[in-house]
Amino acid sequence: MGFSHQEVAADIAVIFSLIFVISLIIWVHYASPFLTIGTLSNTESRVLTVGITVGATIITAFAGSQIQYGLIRGLENRLRKIGNEPYMIQDPINKIEDDDRHIVMKSAEEDWRAILNINGVWEKIINFRISLIFPLCSLITTSIVTCLSPTSTTKTVPYDAVIPDANFGYYSEERDRPCFGMCKAPCNGSFRSAYRWPLGNGSIFYVADDGVCPPTFMMKMAQEISTSNITDNVYSQDGVAVERNAIGAPNTIFSGAAFRNISSEYGHALIHTTQCVPIITKNPVRCQAAGNVTVTLPGSMKLVTGNITAFGETWGGGVEASAVVARNLSTDSAMANVIVSISSGIENDVGKAVLGYSAVNDPAGQVPFASYLAGAINDPDEPKYLEGGSTYAVTCVVNPRNTFEYRSVTLDLQALGEARGSNLAQYISGAQPCTPKNPTISNKLFATAGIASHQLTTEHLGRDGYASTLIALAGFHREPPYAFPDSTNALEDVLGLVSGLAVSMVSISGDLISASVLEGQGEDSTALIEITRLGSDSNETLWLLIPPICSLMILTTISFMSFRRKWMPGGRDFHDTEEQRPERYVAESLYQIITLGITAAKQ
């Protein structure tokens, strides 16, 4: 006969409980069961954690108790043999001498004290094989609570981001003129104010600088250019900071229906979005001291731009501009500036432009516009242009055709508190190159970038012509770092940023398409959200399976040994009737211990 049915049932119940706990921990780790988007409330989190802790404590208590009871069963045969052995005294072969009895008793006592956890520190060290079992078993609570408690983590979800497409129409009706497109040469009167690039096939590509077209917003948006902390952000749009590796990223990233939909769905749980978009990676503008300026009348001046070498060619010279200013140039300072589109009749010229800036100081040199302009391009000879009557001219060329690239750009919606250089809560930054399914770098972007500085160049036209906003942003002898790593002076750097700002607003005119990528050429648009899940996704938590697995192995071994070695009350050599068999094991019953001692004394 083995141990009772109740003992079998108790062992099996605890064994299956441990198997369930181990399986649950593994499933939770790999299945990542989802609780809610965002975080649980404090009350919900506390209630769930308390419930898991209570359940874990109960399972740990039962497991530890059953292991302890199993170890107690293992002492039965030794204790009975020591205390009541008349048959062994008569058996000279199996007879236990007094010295042997003492050794057996001492060993049994050490095990008994260890099982009851009443042994001292030194005893625990000596009898570590038993002493370590109970601390290990008690860690089951830690394992369950750590592996099953709710934790905040992140999850990547698909996001159908959109960006402006590359399409444009062919318009000829006077009242049907979008911001950019094609018209049949010579184009009608409605295109008079637009910048044009003849294509040599009877068509003209144009971009408008009026109405609601991107260039018309540049005077206002230029105020958001950052020149004091370039390494943090180069400009901001609608409260979103843009880093230098995401210049020109379309504003559909943080506005428009697609972004509003996902923002509405996930709310504050939305951490960031990532999408493949075109950005400007190289400055499309080059500026050098070149050209001539002359005063033709007391109220007018003439600028002729000069050739400069940029983008693999020498060009930009010969553009003439006469300016009538509301100043008497015999006593006042003034500037004359110009911006024109440049084309040789081929499509590859779309977007190319020449900008000219010229300044004349008043005879007394009290308002040295020439010095300000020279300082804007970091001219080392700037001090000599402080003199009265000094003149200065700058020629800039714009060629954006080889300055765009597709990059995976991230909108960080929770940047506040990340030790950024500004107090803005949202940042746009660029990362790895990508290849979109639908290319969007087109003449729309080139043309918009080319004449983006129209408003800043023509500021105060008809008065003193002073491009105050542009000169202020460029600063006076401002040194690198610049927004574009290839910028050679502050003026061209600011003009490049203005092109980026204008390009980012192309979405206000035209259709939108998905920002998806080709397979293997980057990541499709995604959004990272904060969620609350059961357990943790850290692989290190799997080490916490050791306590329940070891406890399961120990209890299974004890249960198996109980059958094999016939651990039962009275010991395996009990020879009386079953009705006389003790109901309890010696080590668990004070009555049995006293009875065993009395019997041993009589022997």
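Because the structure is a prediction, the values reported are computed rather than measured.

> Describe the packing of helix 12 (residues 443-450) against helix 15 (residues 490-504), listing the residues and the values that go with them.
Where helix 12 meets helix 15, the axes come as close as 8 Å, and the angle between the chain directions of the two elements is 135°. One way to sum up the angle between helix 12 and helix 15 is to call them oblique. The hand of the helix 12/helix 15 crossing is right-handed. Across the interface between the two elements, Leu445, Thr448 and Ala449 from helix 12 touch Ser499, Ala502 and Val503 from helix 15. Considering only residue class, the contact of helix 12 with helix 15 consists of four nonpolar, two polar and no charged.

> Give me the lowdown on the sheet that holds strand 4 (residues 180-184), citing residues and values where you can.
In a beta sheet, neighbouring strands are held together by backbone hydrogen bonds and run either parallel or antiparallel to one another. Pairing is antiparallel in the open sheet, where three strands are placed in the order 4-6-5. Where the open sheet ends on each side, the last strands, each with one partner, are strand 4 and strand 5 (195-198). Put simply, the sheet's adjacent strands are angled 30° from each other on average, direction ignored. In this fold helix 12 packs onto strand 4, strand 5 and strand 6 (203-207), with an angle of close to 60° to the strand it touches most, strand 6.

> Could you give an account of the state of the cysteines, with specific residues and numbers?
Summed over all chains, the structure comprises three disulfides. There is a disulfide in this structure between Cys179 and Cys213, and the S-S distance comes to 2.2 Å. Here the disulfide of Cys179 and Cys213 is left-handed, its torsion about the S-S bond being about -95°. Taken together, the residues Cys179 in the loop between strand 3 (162-164) and strand 4 and Cys213 in the loop between strand 6 and helix 9 (218-221) connect sequence positions 34 residues apart. Residue Cys287 pairs covalently with Cys396 via a disulfide, S to S 2.0 Å. With the S-S dihedral at roughly 110°, the linkage between Cys287 and Cys396 falls on the right-handed side. Taken as a pair, Cys287 in strand 10 (residues 285-289) and Cys396 in strand 18 (residues 391-398) lie far apart in primary sequence, 109 residues in all. With respect to class, Cys287 is no different from Cys396; both count as buried.

> Account for the pattern of salt bridges, with residues named and values stated.
By the definition in use, this model includes seven salt bridges. Taken together, the shared-partner salt bridges connect Arg286, Asp486 and Glu492 into one network.

> Give me the nonpolar core: which residues, what numbers.
Generally speaking, soluble globular proteins have nonpolar side chains that are buried together. Ile225, Tyr357, Val394, Cys396, Ile428, Leu491 and Leu495 are the most contacted members of the largest nonpolar core, which has 92 residues in total. Among the elements that make up this core, the one with the highest residue count is helix 15 (nine residues). When near neighbours in sequence (up to four residues on either side) are disregarded, Leu491 contacts Cys287, Ala376, Ile377, Val394, Cys396, Leu470 and Ala474. Counting residues in hydrophobic clusters, the runner-up holds 29 residues, among them Ile15, Ala63, Ile67 and Leu545.

> Would you mind going over the packing of helix 2 (residues 42-73) against helix 8 (residues 133-148) in detail, with residue names and values included?
In a pair of packed helices, the angle between the axes and the distance between the axes together describe the arrangement. Running from N to C, helix 2 and helix 8 point in directions that differ by 160°, and their axes come no closer than 9 Å. Relative to helix 8, helix 2 is oriented roughly antiparallel. The handedness of the crossing between helix 2 and helix 8 comes out as right-handed. Here helix 2 contributes Ile52, Thr53, Ala56, Thr57, Ile59, Thr60, Ala63, Gly64, Ile67, Gln68 and Leu71 to the contact with helix 8, which in turn contributes Ile133, Phe134, Cys137, Ser138, Ile140, Thr141, Ile144, Val145 and Leu148.

> Describe the pairing of strand 16 (residues 334-341), and please don't skip the residues or the numbers.
The two faces of the sheet receive side chains in turn, since in a regular strand these alternate between them. Across the eight residues of strand 16, six count as buried, placing the element largely inside the fold. Bridge count between strand 16 and strand 17 (residues 353-360): eight bridges; the pairing is antiparallel. Bridge pairing links Ile339 to Leu355 in strand 17.

Calculation notes
- All residue numbers here refer to positions counted from 1 along the written sequence of the relevant chain.
- The model is predicted, so local features are restricted to residues of pLDDT at least 70 and side-chain atom pairs to those at 80 or more, both for listing and for counting; the totals for chains, interfaces and linings are taken over all residues.
- To obtain the side-chain values, all non-hydrogen atoms of the structure were used and water was disregarded.
- Axes, fitted as lines to C-alpha atoms, cover a helix only where it is in contact. Angles between the N-to-C directions of the axes lie from 0 to 180 degrees.
- The numbering of helices and of strands both runs from the N terminus, where a helix is a DSSP run of H or I of at least 4 residues and a strand a run of E of at least 2.
- Working rule for angles: under 35 degrees goes down as roughly parallel, over 145 as roughly antiparallel, 65 to 115 as roughly perpendicular, anything else as oblique.
- A crossing counts as left-handed when the near helix is turned anticlockwise from the far one by less than a right angle, and as right-handed when that turn is clockwise.
- In what follows, residue pairs with any heavy atoms lying within 4.5 Å of each other are defined as contacts.
- Here the term charged refers only to Asp, Glu, Lys and Arg, the term nonpolar to Ala, Val, Leu, Ile, Met, Phe, Trp, Tyr, Cys and Pro, and the term polar to all other amino acids, Gly among them.
- Here a strand pair is declared whenever DSSP counts at least two bridges between the two strands.
- Two cysteine sulfurs form what is called a disulfide whenever their separation falls within 2.5 Å.
- Three exposure classes are used, based on accessible area relative to the maximum for each residue type with a 1.4 Å probe and protein chains only: buried under 20%, partly exposed in between, and exposed over 50%.
- The salt bridge definition used is simple: a Lys or Arg side-chain nitrogen within 4 Å of an Asp or Glu carboxyl oxygen.
- Throughout this description, the term nonpolar core refers to a set of buried Ala, Val, Leu, Ile, Met, Phe, Trp, Tyr and Cys residues connected via side-chain atoms within 4.5 Å.

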